[in-house]
Amino acid sequence: MQLDEIIQKVNTSSENLEFGITRRYVENNYELLSENKHLLNTNAREILNFVLERIESGFPPLTRPEMATINSINNYAKQFNLRGVKLAIKGNPKLFIRPEIQSYLNQDAKAVLEGMGVLEK
């Protein structure tokens, strides 16, 4: 993709409040976008700053399957479906070792996972 295309897609997705899509574009092109930060709108710049801080602090971005697992855990916990939560966490023990995971979980999921002993209180 050309620089103009990337910047247009990032700006358009952030204007449409599609922050997940914006984050993906930024994560895939953060080097190019950090050099041309002045061409991004305010929301896109904030997402770029967030992604750059995460990368500099050593946290690799979450993959698509990891985000799907977190979303399913959030949904199961909201419905208080403990069986679904157990199935979702069963194959992903490394995911819950990462310290930034708690910022992606809703309050229901945090309470359920703390009660199960998956997360520390």
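In case you missed it, the structure is sitting above this.
Cut-offs used in this document
Sequence order as written defines residue numbering, which begins from 1 separately in each chain. In keeping with the model being predicted, local features are shown solely for residues with a pLDDT of at least 70 and side-chain atom pairs are shown and tallied solely at 80 or more, while totals for entire chains, interfaces and linings include all residues. Values reported for side chains reflect all heavy atoms of the structure, with hydrogen atoms and water molecules removed beforehand. A run of H or I in DSSP becomes a helix once it reaches four residues, and a run of E becomes a strand once it reaches two; helices and strands are each numbered from the N terminus. When accessible area is computed with a 1.4 Å probe and restricted to protein chains, residues below 20% of their type maximum are described as buried, those above 50% as exposed, and intermediate ones as partly exposed. By definition, residues are in contact when any of their heavy atoms lie within 4.5 Å. Computed by Shrake-Rupley with a 1.4 Å probe, the accessible areas treat only the displayed protein chains as cover when residues are assessed. Positive charges are assigned to Lys and Arg, negative charges to Asp and Glu, while His and the chain termini are left out of the count. Where a charge sits is defined by one atom per residue type, namely NZ (Lys), CZ (Arg), CG (Asp) or CD (Glu). Any carboxyl oxygen of Asp or Glu within 4 Å of a side-chain nitrogen of Lys or Arg constitutes a salt bridge here. The term polar contact refers here to a pair of N or O atoms within 3.5 Å; inside protein, the definition further demands a hydrogen-donor-capable atom paired with an acceptor-capable atom, and it admits residues adjacent in sequence only when both atoms are side-chain atoms.

Student: Describe the overall build of the chain, naming the residues involved and giving the relevant values.
Tutor: Scanning the chain for helices and strands turns up seven helices and zero strands. Counting from the amino terminus, the chain carries its helices and strands in the arrangement α-α-α-α-α-α-α. Projecting the C-alpha coordinates of the chain onto the three principal axes gives extents of approximately 45 × 30 × 20 Å. Evaluated residue by residue, the chain yields a buried proportion of 36% over its 121 residues. Across the chain, every contact between residues at least 6 apart in sequence was considered, and the portion connecting residues at least 24 apart equals 59%. Carbon and sulfur atoms make up 50% of the accessible area of the chain, which amounts to about 7800 Å² in all. Of the side-chain charges in the chain, 15 are positive and 15 negative, and the distance between the mean point of each set is 11 Å.

Student: Give a description of unusual backbone geometry that names residues and reports values.
Tutor: Although it is not a glycine, Leu17 sits at a positive phi angle of roughly 60°. Looking at where Leu17 falls in the secondary structure, it is placed in the loop between helix H1 (3-15) and helix H2 (19-28). Its identity is not glycine, yet Phe80 carries a phi of approximately 55°, on the positive side.

Student: Give a detailed account of the environment of Asn43, specifying residues and quantitative values.
Tutor: Within the fold, Asn43 resides in helix H4 (residues 42-56). Classification of Asn43 by relative accessible area gives partly exposed; the value is 35%. C-alpha of Asn43 to C-alpha of Leu17: the two residues are 26 residues apart in sequence and 8.8 Å apart in space. Sequence-distant contacts of Asn43, defined by excluding residues within four places in its chain, comprise Ser14 and Phe19.

Student: A description of the pattern of salt bridges should follow, citing residues and the corresponding values.
Tutor: Per the stated rule, a full pass over the model turns up three salt bridges. The shortest N-O distance in the salt bridge between Arg98 and Glu66 comes to 3.2 Å. Here Arg98 is found in the loop between helix H6 (82-90) and helix H7 (107-116), whereas its partner Glu66 is found in helix H5 (residues 64-78), with 32 residues between them in sequence. Both residues of the pair, Arg98 and Glu66, count as buried.

Student: Run through the environment of Asn41, naming residues and quoting values.
Tutor: Along the chain, the position of Asn41 falls in the loop between helix H3 (30-35) and H4. You can call Asn41 buried: its relative accessible area is 19%. Asn41 sits 22 residues away from Thr63 along the chain, and the two C-alpha atoms are 25 Å apart. Residues within four places of Asn41 in sequence aside, it is in contact with Asn11, Ser14 and Glu15. Within the structure, the side chain of Asn41 is placed 3.0 Å from the side chain of Ser14, a separation counted as a polar contact. Polar contacts involving the side chain of Asn41 include one to the main-chain amide nitrogen of Ala44, which spans 2.9 Å.

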